[in-house]
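Inside the fold
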Amino acid sequence: MSRFWFVLKKHKALYLLMLPGILYYLIFKYLPMYGVVIAFQNFSIGRGVLGSKFVGMKHFVEFFVNTPDSWKLIRNTVMLNVYDLLFHFPAPVLLALLFHELRIRWFKRFVQTISYMPHFLSTVVIAGILVTFLSPSTGVVNHILVKWFGMEPILFLGLPEWFRTIYVGSEIWQRVGWGTILYLAAIAGIDPTLYEAAKIDGANRFQQIRHITFVGMVPVMIILFVLNLGNFMETGFQKILLLYNSMTYETADVINTFVYRRGILDADFSFATAVGLFQSATGFILVVLANRIARKYSETSLW
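For clarity, every value in this text was computed on a predicted model and none was experimentally measured.

The next thing to look at is the overall build of the protein. Helix and strand content of the protein: 16 helices and two strands. Classification of the 303 residues of the protein by burial places 36% in the buried group. Across the protein, every contact between residues at least 6 apart in sequence was considered, and the portion connecting residues at least 24 apart equals 63%. In the protein, 26 positive and 16 negative side-chain charges are present, and the distance between their average locations comes to 10 Å.

Before going further, it helps to spend a moment on the pattern of salt bridges. Applying the stated rule across the entire model yields eight salt bridges. As a salt-bridge pair, Glu171 and Arg175 come within 3.0 Å of each other at their nearest N and O atoms. A residue pair is termed a helical-turn pair when its members lie 3 or 4 positions apart in one helix, as Glu171 and Arg175 do in helix H10 (residues 160–188) at four residues. Judged by relative accessible area, which is 8%, Glu171 ranks as buried.

Secondary-structure assignment places Asn142 in helix H9 (residues 140–149). Asn142 sits in the buried class, given a relative accessible area of 2%. Apart from the residues lying within four places of it in its own chain, the contact partners of Asn142 are Leu134, Ser135, Pro136, Pro153, Ile154 and Phe156.

Let us now look at the packing of aromatic side chains. All told, the structure shown has 20 aromatic pairs when counted by the stated rule. Look at Phe89 and Phe225: their rings are 5.6 Å apart centre to centre, the planes differ by 75°, and that puts the pair in the edge-to-face class. Taken together, the positions of Phe89 in the loop between helix H5 (70–88) and helix H6 (90–101) and Phe225 in helix H12 (residues 205–229) put the pair 136 residues apart, joining distant regions of the chain. Assessed through its relative accessible area of 15%, Phe89 is described here as buried.

Here the focus is unusual backbone geometry. The backbone of Ala267 sits at a positive phi, close to 60°, despite the residue not being glycine. Of note, Ala267 is situated in the loop between helix H15 (255–265) and helix H16 (269–297). What makes Ala267 partly exposed here is its relative accessible area of 45%.

Working note: a packed helix pair is described by the angle between its axes plus the distance between those axes. For the pair H6 and H12, the least separation of the axes is 11 Å and the interaxial angle reads 130°. As the angle between them shows, H6 and H12 are arranged oblique. The two elements H6 and H12 meet at a crossing, and its hand is right-handed. Between H6, through Val93, Ala96, Leu97, His100 and Glu101, and H12, the contact on the second element is made entirely by Arg205, Ile209, Thr213, Phe214, Met217 and Met221. The residue inventory of the contact of H6 with H12, partitioned by class, reads seven nonpolar, two polar and two charged.

What counts, and where the lines are drawn
- For every chain, the first residue of the written sequence is number 1, and numbering continues from 1 along that sequence.
- Selection of residues for local features in this predicted model requires a pLDDT of at least 70, selection of side-chain atom pairs for listing and counting requires 80 or more, and totals for whole chains, interfaces and linings are taken over all residues.
- Heavy atoms from the whole structure form the basis of all side-chain values; hydrogens and water molecules are not counted.
- To qualify as a helix, a DSSP run of H or I must reach at least 4 residues; to qualify as a strand, a run of E must reach at least 2; elements of each kind are numbered from the N terminus.
- Partly exposed describes any residue whose relative accessible area lies between the buried limit of under 20% and the exposed limit of over 50%, with all areas from a 1.4 Å probe on protein chains only and scaled to the type maximum.
- Contact between two residues is taken to exist if any of their heavy atoms lie within 4.5 Å; hydrogens are not considered.
- His residues and chain termini do not enter the charge count, which takes Lys and Arg as positive and Asp and Glu as negative.
- A single reference atom marks each charge: NZ on Lys, CZ on Arg, CG on Asp, CD on Glu.
- Salt bridges, as used here, are contacts in which a Lys or Arg side-chain nitrogen is within 4 Å of a carboxyl oxygen on Asp or Glu.
- Pairing of aromatic side chains requires ring centres within 6.5 Å, counting the rings of Phe and Tyr and the six-membered ring of Trp. Pairs whose planes differ by under 30 degrees are stacked, by over 60 edge-to-face, and all others tilted.
- Think of each axis as a best-fit line through the C-alpha atoms, taken over the contacting stretch in the case of a helix, with angles from 0 to 180 degrees between the N-to-C directions.
- Any angle that falls under 35 degrees is termed roughly parallel, while one over 145 is termed roughly antiparallel, one within 65 to 115 roughly perpendicular, and all others oblique.
- Crossings are sorted by hand: turned counterclockwise from the far helix by less than a right angle, the near helix makes the crossing left-handed, and turned clockwise it makes it right-handed.
- Think of it as three bins: nonpolar holds Ala, Val, Leu, Ile, Met, Phe, Trp, Tyr, Cys and Pro, charged holds Asp, Glu, Lys and Arg, and polar takes everything else, Gly as well.

So this is what it looks like as structure tokens:
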């Protein structure tokens, strides 16, 4: 115990910097966790958590067995996240490699700044841009298709088959630049003598990228991949809510939007909490499994 206080006193400035983050997670993440119990109750606001009737697994059975669209919701959620991992996850890696290879410093900084900008736009603004650009009557995309290619206008936001492409594409555009920051930091930490040794051995530029730069980014890629799996059953709720409509429910309706309608609009708090608990448990299991695999086959893991 004396050692604990000695370390605390020695590094008190660093612990004070950590304090706001610790308090945030304690107040907004850990303390509310006792409310998970309402997933196993018929929760009543009047009776409260302690006074509500316990019903066991009733709400879980209702979702998986008695909800007609449950498997469609799970499928849509999984598909959006699979597409996100396939196309969005590698995008910052490739962009970071391209940034690293740029030799004109002012141009490199200019392009990086431009790529960061969409990150600072709110989701509402991003959705508004998409709605405006993809409008069948006044949208610039349909204007190009009609004027340049002689095609008929396409109702992009009204066709289920287009929703996943629009969602994942907008995610890449909005977040790819900001996502390069960690990868560029990993590249900056690579020993420059490795490149010099590779040149002496006759390695060309592509071989240096493949065997030095990319390898130096792998630990960061593994950590981010494991963390992303924690949110695998959750998707960009705000953007989907702003973009989807009754015509695109077939591919756009996901677990989060269903929970919003059932839990907030219909005030069925116990059912919504049960579905949310299923999402969190699935994410936890995926993170543990992915971390175990990463620890087994590489030297990098989350813990």
